Amino acid sequence: GFASTLAIAGVNLAQVQLVLGITQHAADALSTVAVQISGEMTDVSWSWTTGGLIFAGANGVLTQTANTTGFLQRVGIALSATVLKVEIHDPIILS
């Protein structure tokens, strides 16, 4: 297997090229985590607006609210309230 250390991407410019996927579950710093780079993910705790875009937000939190500073990076689209289709797009620098 392949092991490496992942950082939590936020929205500041120092992290602009760090988003490579979405972790499949929450994890503590320096713990092992699976990262999904494509396909569908389901989480019953989500409440997405179906058809809405999903972005990387502050401190690595997924959000449907587009950032207005730092950078904007689309990471998926909501197929339903609890299903996300992972689609990692290139970041757009905002400031």
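Residues numbered from 1 in each chain as written. Predicted model: local features only at pLDDT ≥ 70, side-chain atom pairs only at ≥ 80, totals over all residues. Heavy atoms only, no water.

Novice: Even after reading the chapter, I still don't get the packing of aromatic side chains, so can you show me in this structure?
Specialist: How two aromatic rings sit relative to each other is given by the distance of their centres and the angle of their planes. One pass over the full model with this rule turns up one aromatic pair. With centroids separated by 5.6 Å and ring planes inclined at 45°, the aromatic side chains of Trp-46 and Trp-48 adopt a geometry described as tilted. Trp-48 matches Trp-46 in its accessibility class, with the two residues each being buried. (Phe/Tyr/Trp six-rings, centres within 6.5 Å; stacked < 30°, edge-to-face > 60°. Buried < 20%, exposed > 50% of the residue type's maximum accessible area, 1.4 Å probe, protein only.)

Novice: How should I be thinking about the sheet that holds strand S8 (residues 83-87) in this particular structure?
Specialist: In a beta sheet, neighbouring strands are held together by backbone hydrogen bonds and run either parallel or antiparallel to one another. An order of S3-S8-S7-S4-S5 is seen for the five strands of this open sheet, with the pairing classed as antiparallel. If you trace the sheet from one side to the other, it starts and ends with strand S3 (38-42) and strand S5 (62-63), each paired once. Pairing geometry for strand S4 (residues 53-56) and strand S7 (residues 74-78), over three bridges, is antiparallel. Across the sheet, Phe-55 pairs through a bridge with Arg-74, a residue of S7. (Pairing = 2+ DSSP bridges. Helix = DSSP H or I, 4+ residues; strand = E, 2+ residues; numbered from the N terminus.)

Novice: Just checking my understanding: could you explain the confidence of the model for the chain for this structure?
Specialist: Should pLDDT be low for a region, the predicted coordinates there are not to be read in detail. The predicted model of the chain has a mean per-residue pLDDT of 81, with 81% of residues at 70 or higher. By mean pLDDT, the top-scoring element of the chain is S8 (95), and the lowest-scoring one is strand S1 (residues 22-23) (82). Ignoring residues within four places in sequence, the model shows residues 1-5, a span with pLDDT below 50, making one contact including any to other chains. (pLDDT = per-residue confidence, 0-100. Contact = heavy atoms within 4.5 Å.)

Novice: Can you help me understand the pattern of salt bridges in this one?
Specialist: For the coordinates displayed, the defined rule picks out two salt bridges. Between Arg-74 and Glu-87 there is a salt bridge whose closest N-O contact spans 2.6 Å. Here the residue Arg-74 occupies a position in strand S7, and Glu-87 occupies one in strand S8, the gap between them amounting to 13 residues. On the basis of relative accessibility, which here comes to 22%, the residue Glu-87 falls in the partly exposed class. Residue Lys-85 is joined to Glu-87 by a salt bridge in which the shortest nitrogen-to-oxygen separation is 3.5 Å. A relative accessible area of 35% means that Lys-85 is categorised as partly exposed. The network of salt bridges with shared partners includes Arg-74, Lys-85 and Glu-87. (Salt bridge = Lys/Arg side-chain N within 4 Å of Asp/Glu carboxyl O.)

Novice: Which parts of the structure should I look at to understand the environment of Val-19?
Specialist: Inspection of the secondary structure puts Val-19 in the segment before S1. Each C-alpha atom of the pair Val-19 and Ala-56 lies 7.9 Å from the other, and the pair is 37 residues apart in sequence.

Novice: Would you take a moment to explain the environment of Val-86 for this structure?
Specialist: Along the chain, Val-86 turns up in strand S8. Given the relative accessible area of 4%, Val-86 is considered buried. Placed 32 residues apart in sequence, Val-86 and Ile-54 show a C-alpha to C-alpha distance of 8.9 Å. Among residues more than four places away in sequence, those in contact with Val-86 are Ile-22, Gln-36, Ile-37, Ser-38, Gly-39, Met-41, Val-75 and Gly-76.

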